[in-house]
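Chain residues, written in single-letter form:
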Amino acid sequence: MLRYTVKRLIQGVVTVWFIATATFFAMHAVPGDPLTSDKAVSPEIRANLEARYGLDRPLVEQYWIYLTNMASGDFGISFTQQNREVNDIIAEHFKVSATLGILAIVFAAFGGILWGAVTALYRNRAPDIVIVFLVILGISVPSFVFAAFGQLSVVKLNDWLGFTLVPVAGWGTVQHMIVPSLVLGLGTMAFLTRLMRSSMLEIVNADFVRTARAKGLPATRIFRKHQLRNAILPVITVLGPSIAAITTGGFVVELVFAIPGLGRYFVQAVQQLDYTVIMGTTVLYGAFLVFMVIAVDIVYGLVDPRVRLD
Amino acid sequence: MAAATLSFEPVRIERDVETVARPSLSYWQDAWIRLKANTRALISLYLVIGLLAFTLFGPLIWRVDPAVQDLDQISVPPGAGRDVTVVNAYTPWQGVTATPLPGEPGRTLAAPAVLAVVGEPTTRAVRLRWEPVPGAASYRVFRNIFDPEPDGALGLPIGDVLNPANVSFEDRLDLKPLTYYYSVVALDGSGAQSDRAAATVAVTRVITAAEAAQKGLIEQASDARPGDVLQLQVHPLGTDYLGRDMLARLMHGARVSLFIGIIAPFAYVMVGILYGSVAGFMAGRADQILMRFADFVVALPFLLFMILFRILFNVQPGDDGIYPMMVAMILLGWPAAARLVRGQILQIREEGYIGASRLLGAKTNYLVLRHMIPNTMGVILVTLTFAVPSAIFTEAFLSFIGMGVAPPTPSWGSMCNEGLKTMLTTPHELIAPAALISVTVLAFNLLGDGLRDALDARMRSTE
């Protein structure tokens, strides 16, 4: 177990290094640099600026400097925002994105498991048909459409109530977080519901369930201890990749709900070629995803004793 | 005891059991029969064909240029009236003047007494006049498309009348054939506002005969007299915020969305097949290295790299940005297919028929091309069908956040982005492209389910 964890962690670090390297060289291959702007700059000033930011050195040397700084946790200073440290920028905005993403995944996982189990138990009856229809809808509708309609219904709700129960946009309080995370989690929830349904259907009439029923166990106990626990495993495996999908959708939801997350920030940084911000954001996102997947794999080993980790 | 007579007699086999009653089916024939039995999959197959026909042949039938702006019909919902009345050429209006009345200092201003429309309110001009307010230093005119009551939201301040002797205003600002709620307030010297005088004005759409001839509504300017009612161009699905035909834009947008949605997955699945079969066939150390690299690529934050690559490849401004997006998708999308194919190949290479073929002297190339790839075809096809919706989503995402297809090239994603801004007033601009994306993704998802059930016995879903 420990060996496995250490091995996966080392792999994770190597992956993050690869992400950093790929980003670094892809970013520097884009024509232009962060010092190019609308303002006319004399060659002397430009040379000074380049020397200040170290852009005059060979690319490999820049790469090496960046890597050693990154290893000590320093992502450098932003090019376009004077003297602002990337660490500060990330600390401020990543917190928001991560909160949104985690809320969404929690909502998606609980919802998916619950609805999936319900559909399987009520197979081919009204609840099943309704939920399966909603699931197909949830998988097929892009998240920005959900976001738009989510926002619209919040407007209508507030209008109808006569006061602001849930804010339409922005970030800060718990009320701000509810609608965006619901919207963000919806697609993933639909996907997880589908998965849970098919895995539950395999288990509903399994031998061990029949045995449990023959022993006279109450239905709720069979559901909790025998069916749910076994059916949940495939859902846990895909939670890792789902987190990636959620962060992707997060960009759009942040845009629609005017949430000060990293998404919009990143788009802006790419347009201005703010090297350090791009690097910091990508490496952090990448690391977040990689270690989430590892965490999910380790949890999977804990939940299912049949899975041998090595 | 009498000898027991057996009431049994051996069954005679009448039929020849060895006869093959039906021709043996190939894998694909069998799959097709299974698919045909699946109503849902079949309907989605027709839907996909219909969508392809919509985008490929649609523009041949509906020959409206998606870039042409119809300025008479901006943000028009489908099914809106197309009547337009012919009028004489525009003549300037002098306005209405009145002697300014002195006011008592310290008193708050009264609201203007009457707010009336002078002449016919048309999309060319709405002319308003009101009674002078004692003590007014200037007047301000507001316009709203919603009723200002009960919130008191007067709307857009469209003009300040700075001369108190002038008690009229001519509104020529972007008028549409709607009902407008005008409000006029008086302002005193310190800028304090009085209550409003209100007028509800239903505007009619007008055109001059010369303009109508120029737009091709009539043959010559002399064909229509003032007062005649003409019909504007037809827009079956309405127009967008720049007056462009929605149907034409949806058709052309489908070209972009479906082109990226189908070609990009096809390309990266091909790369994946190549990579995966090489890795699967070489096995051992080379396989490990190749697959480790694929793992790295999978770990790259997808959207972040899509954006980065798009910037990287899109050097020319004015590009439509379709190819950069495709290249980026291919560069990032192949590992999933590669993993799958590799897994399949690893499994198949241990099968008996491969051994038999090898024993008969088959070369590696022959084994891979003749046995291994065809046997993974089912899985590949299913992967491809499921990759299409995700590619369409990706395109829509990127265009939505403004990092995808560059305007004015329409794509469903960018149309949604534009429609979102006017969601409250003209929802059709958002609903049409969003519905098309949803239907397309739905069709490909259901088709994928059907294909999986038909092609791959092991992956068959339990529905």
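Just so you know, these numbers come straight off a predicted model, no measurement behind them.

Re the overall build of chain B
Scanning chain B from terminus to terminus reveals 12 helices and 10 strands. A compact globule built from 463 residues should have a C-alpha radius of gyration of about 23 Å, whereas chain B, at 35 Å, is more than 25% larger. If you line up chain B on its principal axes, its C-alpha atoms span 135 × 70 × 60 Å. Here chain B holds 463 residues, and 45% of them are scored as buried. For chain B, long-range pairs separated by at least 24 residues make up 73% of all intrachain contacts whose partners lie at least 6 apart in sequence.

Re the sheet that holds strand β4 (residues 138-144) of chain B
Residue and element names in this part refer to chain B. A sheet is described by the order of its strands in space; here four strands give the open sequence β5-β4-β7-β8, paired in antiparallel fashion. Each end of this open sheet is capped by a strand with a single partner; those strands are β5 (156-161) and β8 (193-202). Strand-to-strand twist of the sheet, defined as the mean angle between neighbouring strand axes without regard to direction, takes the value 20°. In this structure, β4 lies alongside β5, joined through five bridges in antiparallel fashion. Each bridged residue has a counterpart across the sheet, and for Val 141 the counterpart in β5 is Gly 159.

Digging into the interface of chain A and chain B
Between chain A and chain B, the residue contacts involve 46 residues of the former and 40 residues of the latter. Its largest share of buried area at the contact with chain B, chain A owes to Phe18(A), Ser140(A) and Phe144(A), together 16% of the area lost on that side. Between Arg194(A) and Asp449(B) there is a salt bridge, with its nearest N and O atoms 3.1 Å apart. On inspection of chain A and its partner chain B, the count reaches one residue pair in polar contact (both at pLDDT 80 or more). Elements represented by at least two residues in the side of chain A that touches chain B include exactly α1 (2-29), α5 (126-140), α6 (143-161), α7 (174-204), α10 (233-256), α11 (262-272) and α12 (275-303) of chain A. Ranked by residues supplied to the side of chain A that touches chain B, first place goes to α1(A) with 10 residues. Residue classes in the side of chain A that touches chain B are distributed as 30 nonpolar, 12 polar and four charged.

Looking at the domain arrangement of chain B
Entries for chain B in the domain assignment read domain 1 (34-67 + 242-461) and domain 2 (86-207). Computed from C-alpha coordinates alone, the two centres of domain 1 of chain B and domain 2 of chain B are separated by 56 Å.

Focus: the pattern of salt bridges
Residue and element names in this part refer to chain B. Per the counting criterion, the structure on display carries 15 salt bridges over all chains. Its salt-bridge partner being Glu 418, residue Arg 244 comes within 3.9 Å of it at the nearest N-O pair. Of this pair, Arg 244 sits in the loop between β10 (229-231) and α5 (246-282) while Glu 418 is found in helix α11 (residues 412-421), placing the two residues 174 residues apart along the sequence. With respect to burial, Arg 244 and Glu 418 carry one shared label: buried. Here Arg 249 and Glu 418 are joined by a salt bridge, their closest N and O atoms 3.4 Å apart.

Overview of the pairing of strand β7 (residues 179-187) of chain B
Side chains on a regular strand alternate between the two faces of the sheet. Residue and element names in this part refer to chain B. Among the nine residues in β7, seven count as buried, and that is most of the element. Note: β7 against β8, eight bridges, orientation antiparallel. Residue pairing in the sheet places Tyr 180 in a bridge with Val 201 of β8. Once β7 ends, the chain turns through five residues before running back antiparallel as β8, passing Gly 191 with a positive phi of about 90°.

Quick word on the sheet that holds strand β1 (residues 83-87) of chain B
All names here are of chain B. Across the sheet, three strands lie side by side as β9-β1-β10; this open sheet has mixed pairing. Each edge of the open sheet is held by one strand with a lone partner, namely β9 (206-208) and β10. Neighbouring strand axes in the sheet, compared pairwise and without regard to direction, differ in orientation by 45° on average. Summarising the sheet, β1 and β10 pair through three bridges and their orientation is antiparallel. Paired with Val 84 across the two strands is Leu 230, which belongs to β10.

With respect to the confidence of the model for chain B
Residues and elements named next belong to chain B. Residues of chain B with pLDDT of at least 70 account for 95%, and the chain-wide mean is 81. Least confident of the elements in chain B is helix α7 (residues 302-313), whose mean pLDDT is 75; most confident is β4, at 89. Low pLDDT (under 50) marks residues 459-463, which in the prediction has 14 contacts with non-local residues, meaning those over four places away or in another chain. The complex model carries a pTM of 0.78, and its ipTM stands at 0.78.

About the criteria used
- Residues numbered from 1 in each chain as written.
- Chains lettered and ligands numbered in written order.
- Predicted model: local features only at pLDDT ≥ 70, side-chain atom pairs only at ≥ 80, totals over all residues.
- Heavy atoms only, no water.
- Helix = DSSP H or I, 4+ residues; strand = E, 2+ residues; numbered from the N terminus.
- Rg over C-alpha atoms; globule rule 2.2 N^0.38 Å.
- Buried < 20%, exposed > 50% of the residue type's maximum accessible area, 1.4 Å probe, protein only.
- Contact = heavy atoms within 4.5 Å.
- Pairing = 2+ DSSP bridges.
- Axes fitted to C-alpha atoms, helices over the stretch in contact; angles between N-to-C directions.
- Buried area = accessible area lost by both parts, 1.4 Å probe.
- Salt bridge = Lys/Arg side-chain N within 4 Å of Asp/Glu carboxyl O.
- Polar contact = N/O pair within 3.5 Å; in protein donor to acceptor, adjacent residues only side chain to side chain.
- Nonpolar A, V, L, I, M, F, W, Y, C, P; charged D, E, K, R; others polar.
- Domains from an automatic or database assignment.
- pLDDT = per-residue confidence, 0-100.

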